[in-house]
Amino acid sequence: MGRYVARRLLVAIPTLIAISFVMYAILALAPIDPLSQFGVDPRVPPETRERIREALGLNQPWPIRYVKWITAMVQGDFGVSFMSRSSVSDLIWQRLPNTLAVVGVAYVVGVLIAMPAGIVSAVRRNSAMDHVISSAAYVGFSVPTFFTGILLIIIFSIKLRWLGFIYDSTLKVTDVPSLIEQLKQSIMPISVLGLFDAAVLTRYVRASLLENLPLDYVRTAHAKGLGERVVVLRHALRNSLIPVVTLIALGVPTVFGGAIVTEQIFRVPGIGELLVTSIGTGDTPVVASVVMIFAALVVGFNLLADVLYAVLDPRIRYS
Amino acid sequence: MGTRYWYKAFAVAAISGLVLAACAQGGPAATTAPTAAATATAAPTVASARGTGGDLKILYWQAPTILNPHQATGTKDNDASRLMIEPIAAWGPDGKPFPVLAAEVPTVENGGVTKDLKTVTWKLKSGVKWSDGSAFSADDAAFTYTYQCDPKSATSTDGGCADVASVTAPNATTLVVTYKNPQPFFWLWGVGTSYGVLQKTQFSGCVGEKAKDCPANLKPIGTGPYKLREFKPGDVVLYDLNENYRDPNKPFFKSVTFKGGGDAPSAARAVCQTGDIDFGWNLQVEAAVLRPMVEAADSKCAVSPQFGVLERIHINFADPSASLGAKRSEPDTKHPFFSDINVRKAVAMAANRTAVAEQLYGKYGGVPVCNVVVIPESFVSKNTASLDTCKYDLVAAEKLLQDNGWVKGADGVRAKGGVRLEITYQTSTNAVRQKTQDIIKADLEKIGFKVTLKNAPASTFFTNTSPDGANKFFADLEEFASGQEPDPYGTLLGYTCDERAGSANNWNKGNYSRYCNPEYDKQFQIVRTETDPAKRQAAAVAANDILIKDAVVIPLVNRVAPTADGASKLLKGHQTSAFDSSLWDIANWSK
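What counts, and where the lines are drawn
- Residues numbered from 1 in each chain as written.
- Chains lettered and ligands numbered in written order.
- Predicted model: local features only at pLDDT ≥ 70, side-chain atom pairs only at ≥ 80, totals over all residues.
- Heavy atoms only, no water.
- Helix = DSSP H or I, 4+ residues; strand = E, 2+ residues; numbered from the N terminus.
- Rg over C-alpha atoms; globule rule 2.2 N^0.38 Å.
- Areas by Shrake-Rupley, 256 points an atom, 1.4 Å probe, with all protein chains shown as cover.
- Lys, Arg positive; Asp, Glu negative; His and termini not counted.
- Charge placed at Lys NZ, Arg CZ, Asp CG, Glu CD.
- Contact = heavy atoms within 4.5 Å.
- Axes fitted to C-alpha atoms, helices over the stretch in contact; angles between N-to-C directions.
- Parallel < 35°, antiparallel > 145°, perpendicular 65-115°, else oblique.
- Left-handed = near helix turned anticlockwise from the far one by under 90°.
- Nonpolar A, V, L, I, M, F, W, Y, C, P; charged D, E, K, R; others polar.
- Pairing = 2+ DSSP bridges.
- Buried < 20%, exposed > 50% of the residue type's maximum accessible area, 1.4 Å probe, protein only.
- Domains from an automatic or database assignment.
- Buried area = accessible area lost by both parts, 1.4 Å probe.
- Polar contact = N/O pair within 3.5 Å; in protein donor to acceptor, adjacent residues only side chain to side chain.
- Disulfide = S-S within 2.5 Å.
- Salt bridge = Lys/Arg side-chain N within 4 Å of Asp/Glu carboxyl O.
- pLDDT = per-residue confidence, 0-100.

1. Considerations on the overall build of chain B
- Scanning chain B from N- to C-terminus turns up 14 helices and 21 strands.
- Since a compact globule built from 591 residues should have a radius of gyration of about 25 Å, the 25 Å found for chain B is in line with a globular shape.
- Dimensions along the principal axes, computed over C-alpha positions, put chain B at roughly 80 × 80 × 60 Å.
- Accessible surface, chain B: about 20800 Å² in total, of which carbon and sulfur atoms supply 54%.
- Averaging the locations of the 62 positively and 60 negatively charged side chains of chain B gives two centres separated by 2 Å.

2. Focus on the overall build of chain A
- A tally of helices and strands in chain A yields 12 helices and zero strands.
- Along chain A, helices (α) and strands (β) appear in the sequence α-α-α-α-α-α-α-α-α-α-α-α when read from the amino end.
- Referenced to the eigenvectors of the C-alpha coordinate spread, the extents of chain A come out at roughly 85 × 60 × 35 Å.
- Contacts in chain A between residues at least 24 apart in sequence constitute 73% of all its contacts with a sequence separation of at least 6.
- Carbon together with sulfur atoms contributes 69% to the accessible area of chain A, which is approximately 15100 Å² in total.
- Computed over 27 positive and 20 negative side-chain charges, the separation of the two mean positions in chain A equals 8 Å.

3. Overview of the environment of B:Arg269
- Here B:Arg269 shows up in helix α5 (residues 264-272).
- Once the C-alpha coordinates of B:Arg269 and B:Ala142 are considered, the two residues, 127 residues apart in sequence, prove to be 44 Å apart.

4. Focus: the packing of helix α4 (residues 88-123) of chain A against helix α12 (residues 284-312) of chain A
Residue and element names in this part refer to chain A.
- Contact geometry for α4 and α12: axes closest at 10 Å, N-to-C directions at 60 degrees. As the angle between them shows, α4 and α12 are arranged oblique. For the crossing formed where α4 meets α12, the hand is right-handed. When α4 is examined against α12, the residues Val-88, Leu-91 and Ile-92 are found in contact with a partner set consisting of Pro-285, Val-286, Ser-289, Val-290 and Ile-293.
- Residues that form the contact of α4 with α12 fall into these classes: seven nonpolar, one polar and no charged.

5. Things to note about the environment of B:Ala138
Residues and elements named next belong to chain B.
- Relative to the helices and strands, Ala-138 is located in helix α3 (residues 138-149).
- In sequence terms Ala-138 and Leu-228 are 90 residues apart; their C-alpha atoms lie 23 Å from each other.
- Once you skip the residues sitting within four places of it in the chain, Ala-138 turns out to touch Leu-124, Ala-169, Asn-171, Ala-172, Thr-173, Thr-174 and Leu-175.

6. Here we look at the sheet that holds strand β1 (residues 53-60) of chain B
Residue and element names in this part refer to chain B.
- Strands sit in the order β7-β8-β9-β1-β10-β21-β11 across an open sheet of seven strands; the sheet is mixed. Unpaired on one side and paired on the other, β7 (226-232) and β11 (301-302) mark the two borders of the sheet.
- Each of β1, β8 (236-241) and β9 (253-260) is contacted by helix α2 (residues 75-82), which is oriented at about 170 degrees to β9, the strand it contacts most.

7. With respect to the pairing of β9(B)
Residue and element names in this part refer to chain B.
- Of all eight residues in β9, seven are buried, a share of seventy percent or more.
- Here β1 pairs with β9 via seven bridges, running parallel. By the bridge assignment, Leu-59 is partnered in β9 with Lys-259.
- Where β8 and β9 come together, five bridges link them in antiparallel fashion. Paired with Tyr-239 across the two strands is Val-256, which belongs to β9.

8. Considerations on the domain arrangement of chain B
Residues and elements named next belong to chain B.
- Partitioning chain B into structural domains gives domain 1 (41-254 + 562-588) and domain 2 (307-560).
- Looking at the side of domain 1 facing domain 2, the largest losses of area belong to Pro-184, Phe-185 and Phe-579, adding up to 51% of the total buried there.
- Linking domain 1 with domain 2 are zero residue pairs in polar contact (both at pLDDT 80 or more), by the criterion used here.
- A class-by-class count of the residues in the side of domain 1 that touches domain 2 yields nine nonpolar, two polar and no charged.

9. Section: the state of the cysteines
Residues and elements named next belong to chain B.
- By the definition in use, this model includes five disulfides over all chains.
- Bridging Cys-149 to Cys-161, the disulfide has an S-S length of 1.9 Å. Note on the Cys-149 and Cys-161 pair: the S-S dihedral is about -70 degrees, so by sign convention the disulfide is left-handed. Of the two residues, Cys-149 sits in helix α3 while Cys-161 sits in the loop between α3 and β5 (164-171), which places them 12 residues apart along the sequence. Both residues of the pair, Cys-149 and Cys-161, belong to the buried class.
- Between the sulfur atoms of Cys-497 and its disulfide mate Cys-516 the distance is 2.0 Å.

10. With respect to the domain arrangement of chain A
- The domain architecture assigned to chain A consists of domain 1 (2-74) and domain 2 (88-281).
- Computed from C-alpha atoms alone, the centre-to-centre distance between domain 1 of chain A and domain 2 of chain A is 34 Å.

11. Looking at the interface of chain B and chain A
- On the side of chain A, 62 residues touch chain B, which itself brings 77 residues to the contact.
- With both sides pooled, the region where chain B packs onto chain A buries about 6000 Å², and carbon together with sulfur makes up 60% of that total.
- Summed over the shared surface of chain B and chain A, the result is one salt bridge.
- When the shortest N-O distance is used, the salt bridge between A:Arg51 and B:Asp158 registers 2.7 Å.
- Scanning the region where chain B abuts chain A turns up 19 residue pairs in polar contact (both at pLDDT 80 or more).
- Listed by contribution, the elements that provide at least two residues to the side of chain B that touches chain A are α1 (2-24), α2, β7, β8, α5, α11 (458-461) and β19 (477-483) of chain B.
- For the side of chain B that touches chain A, the element with the most residues is α1(B), which contributes 13 residues.

12. Regarding the side chain of B:Asp476
All names here are of chain B.
- Within the secondary structure, Asp-476 is located in the loop between α11 and β19.
- Buried charged residue Asp-476 carries no salt bridge. Nearest counter-charge: Arg-328, at 8.3 Å.
- Within the structure, the side chain of Asp-476 is placed 2.7 Å from the backbone nitrogen of Thr-424, a separation counted as a polar contact.
- Here Asp-476 is in contact with His-314, Ile-315, Asn-316, Pro-320, His-335, Phe-338, Glu-422, Ile-423 and Thr-424, once residues within four sequence places are set aside.

13. Concerning the pattern of salt bridges
- Inspection of the entire model under this criterion finds 36 salt bridges over all chains.
- Here A:Glu50 and A:Arg53 are joined by a salt bridge, their closest N and O atoms 3.6 Å apart. Here A:Arg53 and A:Glu50 lie together in helix α2 (residues 46-55), a separation of three residues that amounts to about one turn.
- Under the relative-accessibility criterion, A:Glu50 is labelled partly exposed at 28%.
- Using a relative accessible area of 11% as the deciding quantity, one classes A:Arg53 as buried.
- Here B:Glu295 ties to B:Lys363 by a salt bridge, and the two come within 2.9 Å at their closest N and O atoms. Pair noted here: B:Glu295 is in helix α6 (residues 287-295) and B:Lys363 is in the loop between α8 (353-361) and β13 (366-368), with a separation of 68 residues, a long-range link.
- Residue class for B:Glu295 comes out partly exposed when judged on its relative accessible area of 39%.

14. Concerning the confidence of the model for chain A
- Put simply, chain A has an average pLDDT of 90, and 100% of its residues get 70 or more.
- The spread of mean pLDDT over the elements of chain A runs between α2(A), the lowest at 87, and α4(A), the highest at 94.

15. Notes on the packing of helix α8 (residues 216-223) of chain A against helix α9 (residues 228-256) of chain A
All names here are of chain A.
- Where α8 contacts α9, the two axes come as close as 10 Å, and the packing angle between them is 155 degrees. Relative to α9, the element α8 is oriented roughly antiparallel. Crossing handedness for the pair α8 and α9: right-handed. Along the contact surface, α8 presents Tyr-217, Val-218, Ala-221 and His-222, while α9 presents Glu-228, Val-231, His-235, Ala-236 and Asn-239.
- The residue makeup of the contact of α8 with α9, split by class, is five nonpolar, three polar and one charged.

16. Quick word on the side chain of B:Ser131
Residues and elements named next belong to chain B.
- Following the sequence through the fold, Ser-131 ends up in the loop between β4 (119-123) and α3.
- Judged by relative accessible area, Ser-131 falls into the buried class, the value being 13%.
- With sequence-adjacent residues up to four places away left out, Ser-131 is seen in contact with Ile-221, Gly-222, Lys-227, Asn-242 and Asn-244.

If you want it as structure tokens, here you go:
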């Protein structure tokens, strides 16, 4: 196993380099220009634009810029944002807590809803409960988050006036009232994302459990006289969870990537929002760093998922 | 496992690419440049004590990323810095300077400006302090000039530097600005958003190449009514009242929260419907959505628009045909049919600017206009309304084409000598602009043009590098907007022969139409050099009229300036100036 992990990690290096090259090439060749921010502002004449372009280092050919960037990146220097002139790692650190507080919590909520819902729905297959859960999952899966987000804002913020929809990233949770404030401002984005995640996962849990329930080992467990609860939770569920756990592990990087649309709607200053704004403004250093971190996480969690597979299922051996 | 692994790696790269491509569609709307203005009449003073108000909540749907106005990349940055960093004078609502750090505005009459219009002497207020308690002096302003105009500082505000010979501080309250040539617009250096005064002590180590990564860019010390508490770039700025502010009764609010991000429609909801926000910037929302929100019985907001941003269509005088290869759209090429003034005039006569203004912009968005110079009032031409190029008349347009030999073919498209009236009409991606395109296209097709519409995201449209950009103008018509300054020089410059954009100047210059007319250049030279205000004004009007008569540009809408801001009905003391930042008078605001 140790050798296997080591080999996978070594393979990851050329993979990441290839990703970084493709990504940087796309960014460099795309016609997005950071100076387009000035629009046709008559106060910023052409000479000024050229000087700024030079100060940003954009007058160098992109392969040189790529080599400079990747060299610094390897040493842990993510570069400086074109727009804020502050270090990209500062920007990411500022935003990570917001993303974890909203997207991360939503993911946990999603898993916590999906597990029981999927189990109930599989065990009581074709019952009214199963129909309700399956239909809800189907709807949740089909309706896009930008729609549910705006719907919640219109109902709870504008009609009922219960919740605000402008996320305050400076709020520090120190006591009960501030915790309530935090819950009030994050409950809508968490619900939107959590219910979406839950809808996706519920279907997997249900399908996977349904595959296992008719199998011989489950019948044997029943025949041994074990109770329904033990049979389902200890025997069938454990085996059904193998693909689900992999799926959950593979989904974790998306948490760090933020929820691009939802963060934008609720003004949560997270990583996703940073990525979108930076793409719009042609802030290459920020886009490149965020995409690379995301790529590294995906590669890492892929490995983790494969390792978990072996841990959960003793039949699988890597050598 | 190798294959599967590589497949996954490829998927990651592909997805990243897709995300990039998808997101590039949603670039920010083009920001237009507000320019500066100041009133002779002070904003209404409110009898209120300093710091008795709570927190003032401001919402911008573009988030500030830097707080040094000279390194700003957009209005959001300029405005967020304006609470701290002040210019010598602001541009008031009447298009005249309004003293801020200055004690009075220099004029020829009061002796502040020399007769040759080359030297301007500003008297500054005494006893002004920086928010850190140290004394402000004219030396700081002179230093700001050094910082701003050093080419290595690569500031975004150095546009005025070329005309300035020197800025010196003979004593603590006197600042002397000397221009290289007689400067009819002698308030050029020092007034408005581009001229925020930095503290010499804080920025002296940041001149030249060090300007770029200077930590002070994110936490500047200023003389303004508020000082910085916390700044998260791209998210939020928190300010506290500046105890050292020069007016002992101001500001009213104890603190300010300046939140950025999101979108314009929900910002409008936050100001007008929920009242969570006191001031919402640039509520660029379609008229049909914004108006009911603002005018509802329980509306919590008011919008008091000023106008001064010109939305217009440029006609390409160069030949954009792809078959020309490298010569495409170069100034020395000639457009196959727009070189015929009758075709240009027909396009102008088919532009229904009233429909565009009323249906798409509404009273909070803009008014129809048929001039190139739209502010300030004294420079606006009164001669154009009666011109045929300003009247929407499809019958006359058709007749004009018919009489000049442009005859309709079997498919309804007019042609002459094998040249068909087929045009591509481009703009930046934006719902209102695309609907404008639809209105114009429908009318053009009625009179025998074939129109292909095209749009590109703002991040690839407003740039000299993109083939889809406004600068290269690989199309026949293009539409966008830009703000206007208190002086028409900058606006008129963009139609002179020397300014024609082409590969020789890296597509950087401002005459995207590649229009060149010695008669126009003659009037422009008068605007540039004439020291007699009346003659200069007449020349500016004449230049404007040439552009309209010659159908060079089709003005559509005089849009709200600087932006359509929504203010809470509870907010008092707020006055809009079309020539300066939305927050130019924030020291006066109260509730």
